[in-house]
Amino acid sequence: MNNEHLTFHIDPTPTLPTRQCRFFARMLGYALSYGNYIIAGIVWWQSDWFIALGTLLLGFIVFGIIRSKLRNDSIPPAQRETPYNDYAIATWYLSRNHCF
């Protein structure tokens, strides 16, 4: 057998090149974090608290799916078990897909 040591390499969260990209990453991170509550609040204001509660519960599922999709599309496979906050997920996504 070969005595080769395998090293595990973790890439740091990328930095975005322009101010506009950093702004979009911050807004996407806020939308992933608080968008569900804002939508439920708007539904509560326009309708009923019972419908807003259902919207909030459905929003947890929908925003979780969106967050998971962005995470799986942008973060390298070796690093997907590392916990990332919503801003870091948005930064990875924008650096891989929009801000080169």
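Numbers given for residues are sequential positions, taken from 1 along each chain in its written order. Under the rules for a predicted model, residues below a pLDDT of 70 receive no local features and side-chain atom pairs below 80 are neither given nor counted, while totals for whole chains, interfaces and linings still include all residues. Side-chain measures were taken over the full set of non-hydrogen atoms in the model, leaving aside hydrogen atoms and water.

Details of the state of the cysteines
Reasoning step 1: Put simply, a disulfide is two cysteine sulfurs that come within 2.5 Å. Counted according to the given criterion, the structure contains one disulfide.
Reasoning step 2: Bridging Cys-21 to Cys-99, the disulfide has an S-S length of 2.0 Å. Between Cys-21 and Cys-99, the disulfide has an S-S torsion of -105° and is therefore left-handed. With Cys-21 in helix α1 (residues 19-46) and Cys-99 in the segment after α3 (86-97), this residue pair connects regions lying 78 residues apart in the sequence. Note on conventions: DSSP H or I runs of at least 4 residues are helices, E runs of at least 2 residues are strands, and numbering of each starts at the N terminus.

Comments concerning the nonpolar core
Reasoning step 1: Here the nonpolar core consists of buried residues drawn from Ala, Val, Leu, Ile, Met, Phe, Trp, Tyr and Cys, with membership extended through side-chain atoms lying within 4.5 Å. In this scheme, a residue with accessible area under 20% of its type's maximum is buried, one over 50% is exposed, and one in between is partly exposed, where area comes from a 1.4 Å probe on protein chains only. Counting residues in hydrophobic clusters, the biggest one holds 14 residues, and the most contacted among them are Leu-16, Tyr-84 and Leu-94.
Reasoning step 2: Secondary structure elements with two or more residues in this core: α1 and α3.
Reasoning step 3: The biggest single contributor to this core is α3, with six residues.
Reasoning step 4: By definition in these notes, contact holds between two residues if any of their heavy atoms fall within 4.5 Å. Those residues in contact with Leu-94 that sit more than four places away from it in its chain are Leu-16, Cys-21, Phe-24, Ala-25 and Cys-99.

No statement about biological role is implied by the geometric values presented.
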